[in-house]
Amino acid sequence: MFISISLTSLLLYDFLSFKTIYKKFKKIKVEPNHIQASIFRKNVISYNIVIESEIDLKIEKESWLSFSQEELKKGKKELTLLLKPNHSGIYKLDGIKSRFKSKFSFFEGLYKIPIKIELTVYPLIYLKIIEAIGLLAKMGYYGIGEFPQPKIGLGTEYAYSREYVQGETIRRIDWKATARHAKLFVKEFHEEKGGALYILFDTRFPGEITKDELGSYFLSLIMNYVSREVPLVIEIFGKDKLIIKQEIGNKSSILEKVLKYIIDYYEIKLEDIYKIKDIIPSEKLKEILYLFKNEILFKIFDMNNQNYFETKVLFDDKNMESGNINTAYIITSLIKDIEKFVDSFQNLDVYIIYYPKVYLDAESLEESYMAKKYLERTIENLRSLNFKVIPTPE
């Protein structure tokens, strides 16, 4: 009987301590208590807030939100929020989670520290679209004359970075990769053999991240070669097979058609372009938008005129159809069967470009693991067939 009364008293005391702690949580003050921001994927944005609390706090991070520290002592403390989302879209949070226990740990609770966060995340391909608009304007395509625009591609096309081998020239050292990996890395470049290039864009994506990464690379590659007046043949593979051949004497035509396709396929609206003006990280890209008149942007985003590609069947003889093609790029997630592609490119110098973090689009850890292993096996098999398999640059 005595033990039972003692235990009951202990539980009651612990429950009262739990209620006392909860009341102290309700007194927590946060300044500012509302954050609204917009960023691009893979970017990080930070905010400093001040939390005033009568108790020590243990706070829980989210998949897209972390903190400068996860334990705060009582009092008035500054905390840095780090927002780094992988996916594009809208993120909302109505409080920072903090778990707590009663004095003797019989009771446990979860409290949301009062702060609202609203984060809009835009795909990286938005920046490439603005860059493409600027390149077309530089060519005089929209009739607004030339203006300062960074040149794309200076003679060779960057492929990937690898570890430095003793005796190699230091002129090709990739300083960013070297700093990131804490060891020397050098840049490799695609070999250019002249003639036309064949670019195949495989739109069978596992999710939005891979779609954004490979779409951005595809548009960058087109801009690179269009700016250097290299003849191109492009195939978009997915639900439909769409083919376009570079029009002689009109180098801007292929870029304009690709741009219209990207805007349509990625469902990008003109109002979104206006929304991102103030968060564009590059002053050059900001300048492009500010120089354009509304009617020109309306023309670019006019989806009533979608004749950007001529629909044909997959080429059986690429050299005959395109005129002296000896190099091909296949931009693909590698999660689907690509044998139908590589078999038809046997006589070409082929570069297979893939996104190395395709597993980020998986919905579970198990799916992520399986996607990563499948990707590794596919890359190994393709390299055994002497194809150049290259990850997209980070």
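Going by the structure above, here's the rest.
In this text the structure is predicted, and so the values were computed from the model without any measurement. Counting of residues starts from 1 at the beginning of each chain's written sequence and follows it residue by residue. In keeping with the model being predicted, local features are shown solely for residues with a pLDDT of at least 70 and side-chain atom pairs are shown and tallied solely at 80 or more, while totals for entire chains, interfaces and linings include all residues. With hydrogens and water excluded, all non-hydrogen atoms of the structure serve as input to the side-chain values.

Caption draft 1: Region of interest: the layout of surface pockets. A 1.4 Å probe that fits but cannot get out identifies a cavity on a 1 Å grid over protein atoms alone, an open set with protein on both sides within 12 Å along at least five of seven lines counts as a pocket, and a residue lines either if it has an atom within 4 Å of a point. Grid points are joined across faces, edges and corners, and a volume is the space filled by probe spheres set on the points. Looking at the second largest pocket, its volume works out to about 410 Å³. Together, 15 residues line the second largest pocket, and D56, L57, K58, R99 and F100 are the ones closest to its centre. Broken down by secondary-structure element, the contributors of at least two residues to the lining of the second largest pocket are helix 1 (2-26), strand 4 (57-58), strand 6 (71-72) and strand 9 (96-101). A helix here means a DSSP run of H or I that spans at least four residues, while a strand means a run of E at least two residues long, and both kinds are numbered starting from the N terminus. It is strand 9 that provides the largest number of residues to the lining of the second largest pocket, a total of 3 residues.

Caption draft 2: Up close: the nonpolar core. Counting 54 residues, the largest nonpolar core has I199, F218, I222, L255 and I331 as its most contacted members. If one sorts the elements of this core by residue count, helix 4 (residues 208-227) sits on top with 10 residues. For this analysis, residues touch if any pair of their heavy atoms sits within 4.5 Å. Excluding its chain neighbours within four sequence positions, the residues that come into contact with I331 are I199, L200, F201, D202, L214, Y217, F218, L221 and I353. In this structure, I28, I39, I96 and Y111 belong to the second largest nonpolar core, which totals 31 residues. Definition used in this section: a nonpolar core is a set of buried Ala, Val, Leu, Ile, Met, Phe, Trp, Tyr and Cys residues joined via side-chain atoms within 4.5 Å. Residue burial is assigned from relative accessible area. The probe radius is 1.4 Å, only protein chains are included, and a residue is buried under 20% of its type maximum, exposed over 50%, and partly exposed in between.

Caption draft 3: Broad picture of the sheet that holds strand 2 (residues 34-40). Pairs of strands are assigned from DSSP output, requiring at least two bridges between the strands. Across the sheet, 3 strands lie side by side as 2-11-8; this open sheet has mixed pairing. With one partner strand each, in any of the chains shown, strand 2 and strand 8 (89-93) form the two edges of the open sheet. Across the sheet, the mean angle from the axis of one strand to that of its neighbour is 10°, orientation sign disregarded. Lines fitted to C-alpha atoms define the axes, with helix axes restricted to the stretch in contact, and inter-axis angles between N-to-C directions lie between 0 and 180 degrees.

Caption draft 4: How the structure looks around the sheet that holds strand 5 (residues 65-67). The 4 strands lie next to each other as 1-3-7-5, forming an open sheet whose pairing is antiparallel. Of all strands in the sheet, those bounded by a partner on one side alone are strand 1 (29-31) and strand 5. Here the average twist between neighbouring strands, direction ignored, is 30°. Examined bridge by bridge, strand 3 (residues 45-53) and strand 7 (residues 75-83) share 9 bridges and lie antiparallel to one another. Among the inter-strand pairings, V50 is bridged to a residue of strand 7, identified as E78.

Caption draft 5: Representation of the packing of aromatic side chains within the structure. What counts as a ring pair is set by centres within 6.5 Å for rings of Phe, Tyr and Trp (its six-membered ring), and what kind of pair is set by the plane angle: stacked under 30 degrees, edge-to-face over 60, tilted for all other angles. If you walk through the whole model with that rule in mind, you get 16 aromatic pairs. Residues F40 and Y122 carry aromatic rings whose centres are separated by 6.3 Å and whose planes lie at 50° to one another, so their mutual orientation is tilted. Within this pair, whereas F40 is found in strand 2, its partner Y122 is found in strand 11 (residues 116-122), the two being separated by 82 residues in sequence. As far as burial versus exposure is concerned, F40 and Y122 are alike and both buried. Ring centres 5.3 Å apart and planes at 80° place the aromatic pair Y265 and Y266 in the edge-to-face group. On the accessibility criterion, Y266 (13% relative accessible area) is buried. Grouping aromatic residues by their ring pairs yields a cluster made of F15, F18, Y22, F25, F100, F107 and Y111. Criterion for a charge above a ring: Lys NZ or Arg CZ within 6 Å of the ring centre, and within 35 degrees of the ring normal. The positively charged end of K211 is found above the aromatic ring belonging to Y266, 5.0 Å away from the centroid.

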